Every structure is written in C-alpha cells, then in structure tokens.
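# Topology and contacts: notes
Below, each chain spelled out in residue letters.
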Amino acid sequence: MEKFPKADNVDIMLLLEGTFPYVRGGVSSWVNQIIRGFPDIRFGAVFIGSKRDDYGELNYELPSNLVHLETCYLHGFDEKPLIKEMHGNREAFDAVRQLHATFQKPNPTLDDSLRNLNFFLDPVAGVDFQQFLHSRLSWQFISQLYQQRCNDPSFVDYFWTVRNMHSPIWQLAETAHNLIPARLYHAVSTGYAGFLGALLHYSNNQPLLLSEHGIYTKERRIDIFHSDWIQDNRNALQRDPTEISYYRDLWMRFFETLGRFCYGASSTIVSLYEGARIRQVDDGAAPERATVIPNGIDIARYAPLREAVHDTPPLVLTLLGRVVPIKDIKTFIRGLRIIANALPHVQGWVIGPEDEDPEYAAECRALAESLEIQDQVHFMGFKDPIDIFPETGLLVLSSVSEGLPLVILEAFAAGVPVVATDVGACRQLVMGYGAEDEAIGSAGGIMGINNPQALAAESLRLLNDPQQWKQARQAAITRVERFYTYQQMFDRYDELYKAGLA
Amino acid sequence: MLLFLVGHAIASACLSLLLTSALPRRVEVRRRSCLALFFSFSFFIPVLGGLGMLSALIYFRFFQRFDERTEFSSVPMSPFMHEAGAPAPGMGEGGAWSRLRAVNLPRQIRIKALLAVSSGGGQNASRLLQLATSDNDDEIRLLAFNLSDRREKVISASISESLAALRSAKGTEERAPLYRTLAFSYWEMIFNDLATQDLAVFFSRQSLSYARQALETGGNDASLLVLTGRLHLLQGDFSEAERAVTAALEHGAHRDRVIPYLAEIAFRQKNYSGLKRFFETDPLLRHKPGIGPVVKFWMG
C-alpha cells in the first residue's frame, strides 16, 4: 500500500479516471505537465480505477505541489452492506422511476433531487447503497423495467448488468462525501470522473472545470462495440440483425447520461480542437461554455534531438502508444508488411505498455508472425520518446480515435515527420489549420483508418524521397514552435484557474 | 292455357327469386342477370330446369360455403413465434447499401444498415465495411472498423493457431493437415476481401506456398488442387491454373465446380471457342445460380 500525500484542503482537486499516476499515456503526461506547470497551486487528485488489482505501482513521480492523493475503486471493494430485509424509500424510488422515464426522451438530465449527495447516502432522504442492493422496492423496480424495456431474454443477466452498472454511483457519492475541501474541481474526462465532479460541484457549490482530451462517450462506444463480455442472449428468431444488443445499448446510454450530467455542471468545458468542441455541443454541452485549448509541450526538452541529422530518413517507423485496440496496432503491422516488400530492411517499433489489454497484444504479435515480419516488428514496452526519436524516420499513428496527441507534438519538436490517421486533431497537426498554419506545409502524411495500403503509401512517399522528408521535418518543427508550446497552453489554463479560484 | 302460362310464370319467378337470394355475396352485382337466367331455365324447361336449379340451390346453400372464404387468406403465426416476439425486420443487402450511401439519412438508420450488412458474410459485406470506415460520421466509421476487425480476427486466430501447431508438429502426417488449413485460411482473407491490393498479393503467395506443401506431404486433394488453380488464376499464371484445375478434375473434383474455372481461364486467354466447349460439356451449368446467367450469355 503506497503512502500518498494527504492534506486538509487543496486549491484544485483533479478528478482522474484510469490515468495519472497509475497508467502511462498522453492524458497522464498532460496531467503531470499541468501540475508541474503551476508550482504555486496546491493540487489534490482522486484516482478513479476499476479494481485495485488492475493497477501496479505508481508510474509517475509525484510532483511536490500535489499535496493530496486518494484512490476510488469502483469494483471489487470488500466492504459490502449487510443483507437486511427492507422495504425501501417509496418517494425516493418514485424519483428514480421518474428519472428513468425521462431517459426515454431525447437529451435527458438528472433530476434536481439526485444532485444532492444525501440522496445516495441517507436512507431517509433517498436511496442509499443498501436499499439499492437489498430493498424490495429496488427488486420490484428492476423487475418492472426488465419486463417493460428489456428485449434480452435473460433476467439474470439484466439484473447483474443493472447492479454492476449502477454500483459505482454509490462509491462515487461516498468518495465525494469524504473528500477534503477544494476551491475548484477539475475533471479530466466525463464518465465516472465527470460524474464525481458534478456531485462535488452541486454538493459543495464550488466550480467544476472539465478538460476532455478524447471524447469519453465516443471512446466508451468503441470499447463497448469491441467487448466480448457483453452478452446477447437472444436466439436467431428474436435477434434483429439491424440492432445492437440491449446491454450494449444500455451501457452506451448510461455513459451518455453521465457525460450530460457532467457537461451540465461544468462552468467551462475544454476540448483540444474544434471538431471535439462541436461533438461536445452535440452531446449536450452548452456552446457558450465550450472552448478549445490545444495541448502544448516543452519544446526545449526535444529540440536537442534535431541535431542528429540524417541525409536519408532512418528506416524505422515508430508507433508510440498503448497496445490497445483503439490504437489499431494491427493496421500498423499490416502497413509495415507492405512497406517491407519495397524496403526489406525497414523496422517497426511499437513503444507502449502492453499490460492494459494483453490479449490484444498477443493478437498483434501473432499477426506479425502470420505476415512473416516478426523479426521486423519490435514490441519494446514503455520507453522515453527522447531515446527513440533520434533513430526514428517516421512516427506513425494508426489510431481509430484520438484527441490531440502529445506524441505528435513531441515528434515534431524532435524533428520527426508523422504519418497519422485522419482522426481527432491529427489532420490539423500534420497539414495545418487556418491559412497561416497551412502555409507552413505538410509535416507528414494523413490516411483513413484501417487502411494499411494508404499507411504504406504515405510512409514510402516520405522514406523514398529525402527531400520531401526534410521538408516535412522542417514544417513539423516550425508548426510546433509557433502553435503548440507549453507557454500558450499554460497561459490559457492560468486564466481558467484564476477565474475558478477567485 | 293463359292461366297455366301465368301460373307457370309466377311459379318460375318465385323459384328464381328464391335461388337468387341464395347466391353468394360476391356475385351480388350481377343479381339481375342471374335472376333472368334462372327464370328462363324454369320457364322454358319446366320440369328439368326447375329440378336442376333446386339441386343447385341445395348444393350451394348447404355444402358450399362461399361466404366464409375470403379472397386472401393467411396462415396464423404459431404460438412459439408469438412467444419469441415479432420476427426481426432485417434489411436486404441492396437496401443497406443505399441507406449507408445516403449521408443525409439520420445516423440511427445508417447504423442499422451497417449492422444488417455485417450480419451476413462474404465479399460484399467486407467491401461495404471498408467503404464505411472512411465515412464522415465518426460513429459509423468506428462501428464499421469494429465489425471489420471482428471478421478478420476469426481468420487471423485460425492462422495463428495453425502456425503455432506447425512449430510443434512432428512428421509429415501431422504437418499435412496444418499446411492445408493454412492454405485455406490465407485464401479466406482474400476471398472475403479482408486483404486487398499488396496484402492480397502477399496472402495469395502464402496460400499457394502452403497449398503446395500440403499437396506434397498429403497427396493429391481435389479441393486443394482447385484452390491452387484459383490462386494461379489470381496471379495471372493461366497455364499453371489450367494444369491445377484439370488435375483437380482428374482427382475427383465435381465437374460443376471445375468447369467455371476452366472457362474463366479460357476467357482470360481470349480463347472464346474453348470457353464455349467447356460450357457444352456440362449442360446443367446453365441452371446453376451464379454461373447460370454467364452460361446462358455465351451459349444463347
């Protein structure tokens, strides 16, 4: 058990789901940057995770101005309420019933009564965890909803899906109740972290700031579509091939509702690029509260790497990212197969942790073997990009979903051109956004998702033509220095923090 | 005489009215014509006509229930179907294509179209999923990617399992079936359009290489020979393709399966008279789905 820093109060409480300080990745690096970038502010952080066993040791050295850290695990907790026969609070269940009726309408939001922490903690004022688990009214309500709405034949699956889906809400309410005071809450995603932020905002009357790097609900959709554990028990006669399974749909709607609740509570909603801002507004964010602050990086850290000048591009394609389906490592491997036909000595480095989805990592290795490039694709685990960039010819991002990837900015700062999929802000980063930016030129190549042929074509175009590669390298350096510096990002957050703390 | 005629006319009219009233409803519009016909029967064929019409009345009134039969009848759903809920509406491939291409349609309808297509298999579904991965709508794109990935994953898993088993296999007896599985698995990728362009070229080479090893170690196998022929055909090596397909025929491949490939090889070599000769050897081909219309086109 780690010794976490503890304090009685903080200026800003960061609400982090599945990121810093346990999980490495772009968002975690960003959080680390932000805390270190404001040394005068006393930060606190709540790490929200699935189960304690899913995480190893801390992956980041904690900054000195992070004065408070605590964890909240949503599943696998030991202390469950004793089973006790009870009827349940009828008025509170009526409120829950009304809430579920509004979920049938477009753009539902949580009722006022559910914004109060007492609703989740006080059995007289609302529905506490014990009532949710064991009361007769809870059973009746779940059974009734199953009969009215569920088109999956298994009640057992429905019952446990509903239980598992809703249990975290009481865990988060408990965390919110016990959390030390803060003057500003800063959630780094919607979802559970955003829900906690909204509960804290409503119960303590302190502002909530939301910074969304990817679009949380969209990423959960990808996970839900991809997951095999969500059951569909309908037989061939009952199944409508044009419908996704009831439970998948239920999970998606659940996360959408959490997102909407968080948007409603946030005073400012930050996204990384215009496309994400539009998406947030579509998903229920108030347009006047939504703003764009692009990521920025410490250019000075990467600038010395440019000194490793190559006459011809090194034949190393690096993919920096977690080995998970959303990064679509398989398309990178397939693309590398095609590139290897033309450049037999090409190497593909996959730099990122594999522990998040070991099954997917195994599939990627097997794919490399089936394509007979197992000797050319190297899974190298986590490494500092500083050690990788000098030998890298191109950074490749084959992701199916991204925000504004820090790794692209880091590669640019190190003078490495990028070939990326046309997702998130990648096009904006590679090709430029606006007349001034576009005039700088292309800093690499852009391709569609799931298209190894295009990935190979763009990579070969740059690798086979040193002149084009050098031009892309220069454009990358110019663009990152002009538009994506630490200072530009910190200045914007400084304004938001000052306004929130005032 | 006059009295008899008047009495006979009244009796005939009564009988005719009685018969007309017994007619089914669906001939109601022509009731007057029927009345006239019945009357003429009764009046001009006094005994036989009346008896005939009375028998007709008894038969139609008591043995034929016209009124109870509706024009369109349907078989009610079985109780099991009721329990299973309404049958799934589904969506045909053509409908799904058109909906997915209509970018102005609501997202939900387009997602339904995508799901409908993916529930089937084959090349068309793969092509459509590939098309949808470049859609402007994020949701469509991601769903298409996911569905495509699921299809590819099944075949990739089979390849990986066979490769792993091949590493630990001892002797040709263990290896031969693994070579065979690998040849077909790599081919599946091409056949389902999951590998295109350069990747398809690589997969065809792999498939051919394993097919050859399977033939060398496991002996002649008609299905493998057909596969070899198809791979040569794909690579444009027509003479090798012809040799393999002909060998498949000699080793027991069904004529219906092999003739279309021989005809295709002839066509690709611009040997149109040879193509017709192949079709002539199997007259039943014109009735087979898929190849049937091609045969009819060439043979008239």
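Everything quoted here is computed from the prediction, not taken from an experiment.

Taken together, the contact between chain B and chain A spans 41 residues of the former and 37 residues of the latter. Buried surface at the junction of chain B and chain A, both sides included, amounts to about 3400 Å², of which 53% is carbon and sulfur. Scanning the region where chain B abuts chain A turns up 7 salt bridges. The partner of Glu152 of chain B in a salt bridge is Arg334 of chain A, and the shortest N-O contact between them spans 3.0 Å.

Among the nonpolar cores identified, the biggest contains 85 residues, and Met13, Leu15, Ile48, Phe120, Tyr158 and Tyr192 of chain A together with Leu114 of chain B are the most heavily contacted of them. The dominant element in this core, judged by the number of residues it contributes, is helix H9 (residues 246–265) of chain A, at 12 residues. Tyr158 of chain A has contacts with Ile142, Leu145, Tyr146, Cys150, Tyr246 and Tyr247 of chain A, leaving out every residue within four places of it along the chain. The next biggest cluster of nonpolar side chains, apart from the first, holds 81 residues, and it includes Leu319 and Trp469 of chain A together with Leu224 and Tyr261 of chain B.

What follows deals with the sheet that holds strand E11 (residues 394–397) of chain A. All names here are of chain A. One open sheet holds the 6 strands; their spatial order is E10-E9-E8-E11-E12-E13, and the pairing between them is parallel. Looking at the sheet topology across the chains shown, the edges are occupied by strand E10 (377–381) and strand E13 (444–447). Neighbour-to-neighbour, the strand axes of the sheet open up by a mean angle of 20 degrees, direction not taken into account. Of the strand pairs in this sheet, strand E8 (residues 316–320) and strand E9 (residues 347–351) are connected by 5 bridges, and their pairing is parallel. For Val316, the partnering residue across the bridge sits in E9 and is Gln347. Along the sheet, helix H12 (residues 329–342) contacts E8, E9, E10 and E11; its crossing angle with E9, the most-contacted strand, is approximately 165 degrees.

Attention now moves to the sheet that holds strand E6 (residues 268–271) of chain A. Residue and element names in this part refer to chain A. Spatial ordering of the open sheet is given by E3-E2-E1-E4-E5-E6-E7, a layout of 7 strands whose pairing is parallel. Lying at the two open borders of the sheet, with one neighbouring strand each, are strand E3 (66–73) and strand E7 (290–292). Adjacent strand axes in the sheet meet at a mean angle of 20 degrees, parallel and antiparallel pairs treated alike. In this sheet, strand E5 (residues 208–211) lies alongside strand E4 (residues 182–187) in parallel orientation, the contact comprising 3 bridges. Each residue of the ladder has a partner; that of Ala187, found in E5, is Leu210. Strands in contact with helix H7 (residues 191–204) are strand E1 (10–17), strand E2 (43–49), E4 and E5; relative to E1, the strand with the most contacts, it is inclined by about 150 degrees.

Residue and element names in this part refer to chain A. According to the stated counting rule, one finds 46 aromatic pairs over all chains in the structure shown. The interplanar angle of 70 degrees and the centroid separation of 5.2 Å between the aromatic rings of Phe38 and Tyr497 together place this pair among those described as edge-to-face. Taken together, the residues Phe38 in the loop between helix H1 (26–37) and E2 and Tyr497 in helix H20 (residues 486–501) connect sequence positions 459 residues apart. Comparing Phe38 with Tyr497 shows no difference in burial state: the two are buried. Every member of this aromatic cluster is reached through a ring pair, and the members are Trp139, Tyr146, Phe155, Tyr158, Phe159, Trp160, Tyr246 and Tyr247.

Residue and element names in this part refer to chain A. In terms of burial, E3 is a largely internal element, 7 of the 8 residues being buried. Where E2 lies against E3, 7 bridges are found, and the strand directions are parallel. Among the inter-strand pairings, Phe47 is bridged to a residue of E3, identified as Thr71.

All names here are of chain A. Taking burial as the measure, the 5 residues of E8 include 5 buried ones, the bulk of the element. By the alternation rule, side chains of E8 split into Val316, Thr318 and Leu320 and Leu317 and Leu319, which are all buried. A crossover connection joins E8 to the parallel E9 through H12; in handedness this β-α-β unit is right-handed. Bridge count between E8 and E11: 2 bridges; the pairing is parallel. Note on E11: the bridge partner recorded for Thr318 is Leu395.

Relative to the helices and strands, Glu250 of chain B resides in helix H12 (residues 238–250). As for Glu250 of chain B and Ala222 of chain B, which are separated by 28 residues in sequence, their C-alpha atoms are 8.2 Å apart.

Residue and element names in this part refer to chain A. If you check the domain split of chain A, you get domain 1 (1–78 + 150–296 + 485–502) and domain 2 (299–484). Its C-alpha centre places domain 1 at a distance of 28 Å from the equivalent point of domain 2. Every contact between the two is made by 20 residues of domain 1 and, on the other side, 21 residues of domain 2. With both chains or domains summed, domain 1 and domain 2 bury close to 1600 Å², and 64% of this area falls on carbon and sulfur atoms. Considering only the surface of domain 1 that becomes buried against domain 2, Arg24, Tyr273 and Asn295 emerge as the three largest contributors, covering 35% of it. Our enumeration of links across domain 1 and domain 2 arrives at 0 salt bridges. Linking domain 1 to domain 2 there are 3 residue pairs in polar contact (both at pLDDT 80 or more). Looking at the side of domain 1 that touches domain 2 residue by residue, the class counts come to 7 nonpolar, 9 polar and 4 charged.

Here we take up empty space enclosed by the protein. Residues and elements named next belong to chain A. By the definition in use, this model includes 2 cavities of 30 Å³ or more. One number sums up the size of the largest cavity: a volume of about 60 Å³. Taken together, Leu305, Arg306, Ala308, His310, Phe389, Pro390, Thr392, Ala414, Gly415, Val416, Trp469 and Arg473 form the lining of the largest cavity. Per-class residue counts for the lining of the largest cavity are 7 nonpolar, 3 polar and 2 charged. One number sums up the size of the second largest cavity: a volume of about 40 Å³. What lines the second largest cavity is simply Glu212, His213, Gly214, Ile215, Lys218, Tyr273, Ala276, Glu402 and Gly403.

Definitions and cut-offs
Residues numbered from 1 in each chain as written. Chains lettered and ligands numbered in written order. Predicted model: local features only at pLDDT ≥ 70, side-chain atom pairs only at ≥ 80, totals over all residues. Heavy atoms only, no water. Contact = heavy atoms within 4.5 Å. Buried area = accessible area lost by both parts, 1.4 Å probe. Salt bridge = Lys/Arg side-chain N within 4 Å of Asp/Glu carboxyl O. Core = buried A, V, L, I, M, F, W, Y, C linked by side-chain atoms within 4.5 Å. Buried < 20%, exposed > 50% of the residue type's maximum accessible area, 1.4 Å probe, protein only. Helix = DSSP H or I, 4+ residues; strand = E, 2+ residues; numbered from the N terminus. Pairing = 2+ DSSP bridges. Axes fitted to C-alpha atoms, helices over the stretch in contact; angles between N-to-C directions. Phe/Tyr/Trp six-rings, centres within 6.5 Å; stacked < 30°, edge-to-face > 60°. Right-handed = clockwise from strand over helix to strand, strands pointing away. Domains from an automatic or database assignment. Polar contact = N/O pair within 3.5 Å; in protein donor to acceptor, adjacent residues only side chain to side chain. Nonpolar A, V, L, I, M, F, W, Y, C, P; charged D, E, K, R; others polar. 1 Å grid on protein atoms, 1.4 Å probe; cavity = no way out; pocket = protein on both sides within 12 Å on 5 of 7 lines; lining within 4 Å. Points joined across faces, edges and corners; volume = space filled by probe spheres on them.

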